[in-house]
Amino acid sequence: LSALMASTLLPAPLAPLLLLLLLCSVSGSSQRPQWPVQRVPVVWPQQIEEQPPPHFLQPAQLQVTSSCGPECHKRAPPPSYWDLRQFLSYETLHSGGQLTETAVAIYGFDANAFYKTTDGRSRSKRQIFGHDSRFSIVGQDFLLNYPFSAAVKLSTGCSGTLVGDRHVLTAAHCVHDGKNYVKGAQRLRVGFLKPQQKETSGRNGTSGRPDKMKFQWIRVKRTHVPKGWIKGTANDIGMDYDYALLELKKAHKRRHMKLGISPAAKQLPGKRVQFSGFDNDRPGQLVYRFCEAGDETYDLLYQRCDAQPGASGSGVYVRMWNRRRRHWERKVIAIFSGHQWVDLSGTPQEFNVAVRITPLKFAQICYWIKGNYQQRTALLSLH
């Protein structure tokens, strides 16, 4: 009730947003959509080798091209255990330019976990579907509060999400083009959005224009990219592994998002997902959107969220009930890969694609966050 009353005191553009967030937080409360309980495997390093230094020549491309759409991915045979070991092995780029490759082993993974998703076709035709449903988040009370405060900007032009005290989850193509690390990846920085101290007020005491945004920039110490993405080009398999983790040189003080294993689309609250990022067509603004999830494969989620280049790397999240801890939790379940052009028999089609956090990817990312500092059991602490 207090939130509803407060909404009447907000600027007109923000009142619907607050009502939306309130509805998102209480919708389904009687049925309580629950986070699935799954066994988490272990992705463990076996061997580390030095690699030749990268070139850092090509600028980051914020749109991904692939010849394989949803039906193509569904027809592909499940990868073998040895394939998965290769795909989940990873490169680590250090701030000094050194590059290492880490081979991994996989323990406790059930190959039967690969499942078939419901058949359906995405009918997306462009990046903005009809009426533009995005919200530009303005005002210090919104920008500096969770979950919006967990969204960050990369110096290569993408977005990312805080998932640890020193860690940011983003898309692999924001730092690596499939062949080499992009220009700017060696001196990569992460920007924390800050509004100006003074806001311009109108006659009614509300903000007359969006705040001018400023960023606090923190250098990246290490960048982890799975070998599944580094395949020479962003090809059929590479799309499934378009994610990367950035380790910052110093800890931040903001609340970060938890990681969650991606439920099937039909299990999501209202079948909807949400994410915030820095779309190129709205410079200096944090843009929030929500939409219904559509088609899916084991590794990818196709949806109709309005988005523009620059939002790539945003953490796609949902809010569900944690039956073990008996409270609601928001968790990142996918990484927004961006606008994907697919050439199907000479006919171009467009999709907005997110890379799902599967049990194996969850284990790998958790190791990147926790494995260097704590015992292996810490892998389960984020789930």
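As annotated in an unreviewed UniProt entry, the protein chain is Serine protease 23 from Cirrhinus mrigala. What the UniProt record of the protein chain gives under Sequence similarities (unreviewed entry) is the line "Belongs to the peptidase S1 family." As recorded by UniProt, the Subcellular location (unreviewed entry) comment attached to the protein chain reads in full: "Secreted".

Draft legend 1. Broad picture of a positive patch on the surface. Together, Arg166, Arg187, Arg189, Lys221 and Lys249 make up a region of like positive charge exposed at the surface. The topology assignment puts Lys221 in strand S10 (residues 213–226).

Draft legend 2. Region of the structure containing helix H4 (residues 81–88). Listed as buried for H4 are Leu84, Phe87 and Leu88. Down the axis, H4 shows its buried residues gathered within 90° of arc, on one side only. Among the structural elements, strand S1 (42–51), strand S3 (90–94), strand S4 (99–107), S10 and helix H6 (359–371) are those in contact with the buried residues of H4.

Draft legend 3. Highlighting the pattern of salt bridges. One pass over the structure, following the stated rule, counts 8 salt bridges. Ionic pairing is found between Lys227 and Glu91, a salt bridge with its closest N-O pair at 3.6 Å. Separated by 136 residues along the polypeptide, Lys227 in the loop between S10 and strand S11 (244–248) and Glu91 in strand S3 bring together distant segments of the chain. Glu91 matches Lys227 in its accessibility class, with the two residues each being buried. Salt-bridge contacts for Glu329 lead to Lys331; the nearest nitrogen and oxygen are separated by 3.5 Å. Here Glu329 and Lys331 have matching classes, each one buried. Here the salt bridges share partners, and the residues they tie into one network are Glu91, Glu101 and Lys227.

Procedures and definitions
Residues numbered from 1 in each chain as written. Predicted model: local features only at pLDDT ≥ 70, side-chain atom pairs only at ≥ 80, totals over all residues. Heavy atoms only, no water. UniProt positions renumbered as here; feature names shortened; annotations may be inferred. Patch = residues over 30% accessible without salt bridge, like charges linked within 9 Å, V, L, I, M, F, W, Y side chains within 5 Å. Areas by Shrake-Rupley, 256 points an atom, 1.4 Å probe, with all protein chains shown as cover. Salt bridge = Lys/Arg side-chain N within 4 Å of Asp/Glu carboxyl O. Lys, Arg positive; Asp, Glu negative; His and termini not counted. Charge placed at Lys NZ, Arg CZ, Asp CG, Glu CD. Helix = DSSP H or I, 4+ residues; strand = E, 2+ residues; numbered from the N terminus. Buried < 20%, exposed > 50% of the residue type's maximum accessible area, 1.4 Å probe, protein only. Arc of directions from axis to C-beta. Contact = heavy atoms within 4.5 Å.

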